[in-house]
Amino acid sequence: MKKLAILGSTGSIGVSTLSVVERFPEQFRVVALAAGKNLSKLKEQVVRFQPEIVSLTSEADAKDLRAQLPNFRGEILWGSRGLNAVATHPDAEMVMAALVGAAGLAPTLSAIRSGKTIALANKEALVISGELMTREARHYGVKILPVDSEHNAIFQALHGYQRRQVKRIILTASGGPFLHRPARELLEVSVEEALKHPTWKMGSKITIDSATLMNKGLEVIEARWLFDLPPEQVSVIIHPQSIVHSMVEYVDGSILAQLGIPDMVIPISYILAYPERLPLNHLPSLDLAAAAQLTFFQPNFDKFPCLRLAYDALRHGGTCPAVVNAANEVAVENFLAGRIRFTDIAELNEQVLCAHVAQLVTDLDVLFEADRWARDRAHAVLKRMQPRAVASA
Ligand SMILES: NC(=O)c1ccc[n+]([C@@H]2O[C@H](COP(=O)([O-])OP(=O)(O)OC[C@H]3O[C@@H](n4cnc5c(N)ncnc54)[C@H](OP(=O)(O)O)[C@@H]3O)[C@@H](O)[C@H]2O)c1
């Protein structure tokens, strides 16, 4: 019986993780759950899974949950202390890191320092702190297992091979909802259009990142750290069907790929049960004849500048990935709130990154300071952008 803690239990990855736990109750037990603001969903999860600790963002919500669950014997915590308690629960062997954005960094590091195996969905945490987090994982002898479907595919395709035999890894990207939209039309696309991902059903932040291709950029940085490869050995190819989840090219020219239907339950279950595989008989088999065509083409870096920016941040190194990530979080939040245009996301990210002087990452405080600086700078840039957004409304 593997005991799990889940950071972000009420989100898309958290809910899919719990669906696997529910399907295989003899193999997994949930001991701790952390949510943000979704009290009603967390309440359902507490009743169903009976964890020992749960956490919410606010004290008021935590007290409300206690009032609604008078018979629940576990602890109900809140804020950063609550996240930390979930991430370090003494009984948890594995922590599913499925918060979104920089909020996941501190609890994921705490989990590593407590010796937990990390099931990593929260890519932003690794993007921000790549060198530091992987160093800590080595120091504490902890495995970081990738949940992100592309990295999970690479992890599977690397199985049994030496890193020195790898020529490059090839991350596939669906291209998002605007793949075939002319660049000039991107200026006016709506939030609703950007939230309509053609192949995956996910949380709103990653869905917008997929539309700008920033998601693929963040994944390039994530891959650099997960697989210890320089940026030149991490390439991206557009594959609209999302059936080939990513590939590894070996030095002899052989390419190994992992294929499957686009359902996050597959990579999640692979990581939860690793190195076993769970029988997911409820899912349909991939029908390649029905898919008929698998197509691939080069990404357009001019139309989707966020992908180029992520490579730039990685090459500049130091605090640059943390800065571009923070700027992007501010940009996406403001796009979702209808305050800026879709194309402003890349512009804001570029302006913040260009203004940053990379610092060496000596400790976590340097990263927090870079994150704070980038958010301040992004808000300053936003002030100059808002009149244009209002004018276009
Ligand atoms: N969804 C996917 O298919 C997918 C695929 C690959 C990778 N990922 C990555 O996995 C991560 C999670 O994605 P998602 O799509 O599951 O996101 P999501 O649906 O937006 O869920 C995010 C979760 O984090 C919680 N949360 C957010 N901010 C928080 C804070 N400050 N403190 C405490 N909890 C907070 C939310 O709580 P409340 O809802 O209760 O507020 C929710 O449980 C992201 O890094 C994403 O890039 C997702």
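Residues numbered from 1 in each chain as written. Predicted model: local features only at pLDDT ≥ 70, side-chain atom pairs only at ≥ 80, totals over all residues. Heavy atoms only, no water.

Caption draft 1: View of empty space enclosed by the protein. Summed over the entire model, instances satisfying the criterion amount to one cavity of 30 Å³ or more. Volume-wise, the largest cavity comes out at about 40 Å³. Forming the walls of the largest cavity are Ser149, Trp200, His245, Gln258, Gly260, Ile261, Asp263, Ile266 and Pro267. Of the residues belonging to the lining of the largest cavity, the class tally is four nonpolar, four polar and one charged. (1 Å grid on protein atoms, 1.4 Å probe; cavity = no way out; pocket = protein on both sides within 12 Å on 5 of 7 lines; lining within 4 Å. Points joined across faces, edges and corners; volume = space filled by probe spheres on them. Nonpolar A, V, L, I, M, F, W, Y, C, P; charged D, E, K, R; others polar.)

Caption draft 2: The site of the ligand, seen in detail. For the ligand, the set of nearby residues contains 24 residues, the closest of which are Thr10, Lys37, Asn38, Glu124 and Asp148. One of the side-chain nitrogen or oxygen atoms of Thr10 is found 2.7 Å away from an oxygen atom of the ligand. Surface burial for the ligand is 83%, taken as the share of its 900 Å² of free accessible area covered by protein chains. Listed by contribution, the elements that provide at least two residues to the shell around the ligand are helix 1 (12–23) and helix 6 (123–139). Split by residue class, the shell around the ligand holds 10 nonpolar, 10 polar and four charged. (Near = heavy atom within 4 Å. Polar contact = N/O pair within 3.5 Å; in protein donor to acceptor, adjacent residues only side chain to side chain. Areas by Shrake-Rupley, 256 points an atom, 1.4 Å probe, with all protein chains shown as cover. Helix = DSSP H or I, 4+ residues; strand = E, 2+ residues; numbered from the N terminus.)

Caption draft 3: Local environment of the packing of aromatic side chains. The final tally for this structure, using the stated rule, is seven aromatic pairs. Above the face of the Phe49 ring, Arg48 is positioned so that its terminal group lies 4.9 Å from the ring centre. Positioned above the aromatic ring of Trp225, the side-chain terminus of Arg224 is 3.9 Å from the ring centre. (Phe/Tyr/Trp six-rings, centres within 6.5 Å; stacked < 30°, edge-to-face > 60°. Lys NZ or Arg CZ within 6 Å of the ring centre and 35° of its normal.)

Caption draft 4: The arrangement of the state of the cysteines in detail. Tallied over the full model, the rule gives zero disulfides. No disulfide involves Cys306; its nearest neighbouring cysteine sulfur is the one of Cys354, lying 12 Å away. In this structure Cys306 comes out as buried when scored by relative accessible area, which is 2%. Of the cysteine sulfurs around Cys354, a residue in no disulfide, the closest is that of Cys320, at 9.8 Å. (Disulfide = S-S within 2.5 Å. Buried < 20%, exposed > 50% of the residue type's maximum accessible area, 1.4 Å probe, protein only.)

Caption draft 5: Examining helix 1 more closely. Compared with an ideal rise of 1.5 Å per residue, which puts 12 residues at 16 Å, helix 1 spans 17 Å between its outermost C-alpha atoms and is within 8% of the ideal. Looking at helix 1, one finds that the buried residues are Ile13, Gly14, Ser16, Thr17, Leu18, Val20 and Val21. At its buried positions, helix 1 is contacted by strand 1 (2–7), strand 2 (28–34), helix 2 (39–49), strand 5 (94–97) and helix 11 (265–273). (Expected span 1.5 Å × (residues − 1). Contact = heavy atoms within 4.5 Å.)

Caption draft 6: Structural context of helix 2. Turning to helix 2, its buried residues number three or more, namely Leu39, Leu42, Gln45, Val46 and Phe49. Seen along its axis, helix 2 keeps its buried residues to an arc of 120°; they face one direction. Where the residues of helix 2 are buried, they touch helix 1, strand 2, strand 3 (53–56) and helix 3 (59–68). (Arc of directions from axis to C-beta.)

Caption draft 7: Molecular detail of the sheet that holds strand 11 (residues 255–259). Sheet architecture is open: four strands sit in the order 9-8-10-11, paired in mixed fashion. The open sheet has two edge strands, strand 9 (234–238) and strand 11, and neither has a second partner. Averaged over all pairs of adjacent strands, the angle between their axes in this sheet comes to 20°, without regard to strand direction. Bridge analysis of strand 8 (residues 166–173) against strand 10 (residues 244–250) gives five bridges, and the strand direction is antiparallel. Its bridge partner being in strand 10, Val166 is matched across the sheet by Tyr250. Set on the sheet, helix 7 (residues 149–158) makes contact with strand 8, strand 10 and strand 11; between it and strand 10 the angle comes to about 40°. (Pairing = 2+ DSSP bridges. Axes fitted to C-alpha atoms, helices over the stretch in contact; angles between N-to-C directions.)

So yeah, pure geometry; function would need other evidence.
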